[in-house]
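# Observations on the model geometry
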Amino acid sequence: MKLSEKSQAVLEVFRELEVESRDFVQQAGLSCVVGCGKCCANPKVPASPLEFLPFALELYENGAIESNLRMLDSLGSEGFCLLYRPTSEDGSKGFCSQHTHRGLICRLFSSSARRNKQGEKELILCKVLKEAKPEAFAKASAAIKHELQIPMASTYYSKLADIDAFLTETYPINQAIRIAIELVLRYKFYEESETLEDY
């Protein structure tokens, strides 16, 4: 499967998750607190290069890949996510500048579940959201154990692994983005070299 085909497959997984999570969010009344960026400012958020292939390909098509590599360099290993734009000095408030290209964990947060040690479904969300919406959290937590359908995080990680298990190895988010960008640069270099050989 070509890198471009893998990118399309990733987008299809994201579209499927969006439909499923939208239904849950509408029924549960849970979503991230507007303007909160605590997760986004965490440089250790885990992500895989595969999740960012669509973003890296779009950067290449728009001629923005080199400027984003320079931005990654300036952020360093302890910098917040490349896609995040903080609006507060401490970085706890802000927004995602590429919401359609955000990673899988960003899509799963507050709208998916995992299995706990007892095998029960458990909502994946942060302390900020639990404290901001305690009633909705309690109601949704009870409902997913019975009738309320919710996306399972493990299902979507498995779907990505089915596309390319090697590229789903996780790294700190900016490292994952860098690997995706470097993959695209190599892919495009060889693709263009083959095109030139045809002439």
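The structure under discussion appears in the preceding block.
Residues numbered from 1 in each chain as written. Predicted model: local features only at pLDDT ≥ 70, side-chain atom pairs only at ≥ 80, totals over all residues. Heavy atoms only, no water.

Let's shift gears to the nonpolar core. In terms of nonpolar packing, the biggest core is built from 38 residues, with Phe-52, Ile-177 and Ile-181 touching the most fellow members. Among the secondary structure elements, those contributing two or more residues to this core are helix 1 (3–28), helix 2 (53–61), helix 3 (65–75), helix 4 (104–108), helix 7 (153–163) and helix 8 (173–197). The element contributing the most residues to this core is helix 8, with eight residues. Ignoring sequence-local partners within four residues, the contact set of Ile-177 consists of Phe-52, Phe-55, Leu-72, Cys-81 and Leu-82. (Core = buried A, V, L, I, M, F, W, Y, C linked by side-chain atoms within 4.5 Å. Buried < 20%, exposed > 50% of the residue type's maximum accessible area, 1.4 Å probe, protein only. Helix = DSSP H or I, 4+ residues; strand = E, 2+ residues; numbered from the N terminus. Contact = heavy atoms within 4.5 Å.)

Turning our attention to the environment of Ala-153. Tracing the sequence through the fold places Ala-153 in helix 7. Judged by its relative accessible area of 7%, Ala-153 is buried. For Ala-153 and Asn-174, which are 21 residues apart along the polypeptide, the C-alpha to C-alpha distance reads 21 Å. With residues near it in sequence (within four places) discarded, Ala-153 still touches Leu-108, Ser-112, Ala-113 and Ile-124.

On to helix 7, then. Buried within helix 7 we find Ala-153, Tyr-156, Leu-160 and Ile-163. Looking straight down helix 7, one finds its buried side chains confined to an arc of 80°; they lie on one side. Summarising the contacts, the buried residues of helix 7 are in contact with helix 1, helix 4 and strand 4 (113–115). (Arc of directions from axis to C-beta.)

Bringing the pattern of salt bridges into the picture now. The final tally for this structure, using the stated rule, is eight salt bridges. Residue Lys-6 is joined to Asp-164 by a salt bridge in which the shortest nitrogen-to-oxygen separation is 2.6 Å. Separated by 158 residues along the polypeptide, Lys-6 in helix 1 and Asp-164 in the loop between helix 7 and strand 6 (171–172) bring together distant segments of the chain. We classify Lys-6 as buried; its relative accessible area is 13%. Judged by relative accessible area, Asp-164 falls into the buried class, the value being 14%. (Salt bridge = Lys/Arg side-chain N within 4 Å of Asp/Glu carboxyl O.)

Following the sequence through the fold, Glu-51 ends up in the loop between strand 1 (46–47) and helix 2. A polar side-chain atom of Glu-51 sits 2.7 Å from the main-chain amide nitrogen of Leu-104. Setting aside anything within four residues of it in sequence, one finds Glu-51 in contact with Val-10, Phe-14, Gly-103, Leu-104, Ile-105 and Leu-160. (Polar contact = N/O pair within 3.5 Å; in protein donor to acceptor, adjacent residues only side chain to side chain.)

What follows concerns the packing of aromatic side chains. Scanning the model with the defined rule gives two aromatic pairs in all. Ring geometry for Phe-80 versus Tyr-84: centroids 5.7 Å apart, planes at 85°, classification edge-to-face. A relative accessible area of 26% means that Phe-80 is categorised as partly exposed. Ring geometry for Phe-189 versus Tyr-190: centroids 5.3 Å apart, planes at 75°, classification edge-to-face. Classification of Phe-189 by relative accessible area gives exposed; the value is 52%. For Tyr-190, a relative accessible area of 52% translates into the label exposed. For Arg-107, the ring lying beneath its charged end belongs to Phe-14, and the centroid distance is 3.8 Å. Above the plane of the ring of Tyr-156 lies Lys-159, whose end atom (NZ or CZ) is 5.9 Å from the centre. (Phe/Tyr/Trp six-rings, centres within 6.5 Å; stacked < 30°, edge-to-face > 60°. Lys NZ or Arg CZ within 6 Å of the ring centre and 35° of its normal.)

This part is about unusual backbone geometry. Here the phi dihedral of Ser-110 falls at roughly 70°; this positive angle occurs in a residue that is not glycine. Among the structural elements, Ser-110 can be located in the loop between helix 4 and strand 4.

We now examine the environment of Gly-37. Looking at where Gly-37 falls in the secondary structure, it is placed in the loop between helix 1 and strand 1. Judged by relative accessible area, Gly-37 falls into the buried class, the value being 1%. Residues within four places of Gly-37 in sequence aside, it is in contact with Tyr-84, Gly-91, Ser-92, Lys-93 and Gly-94.

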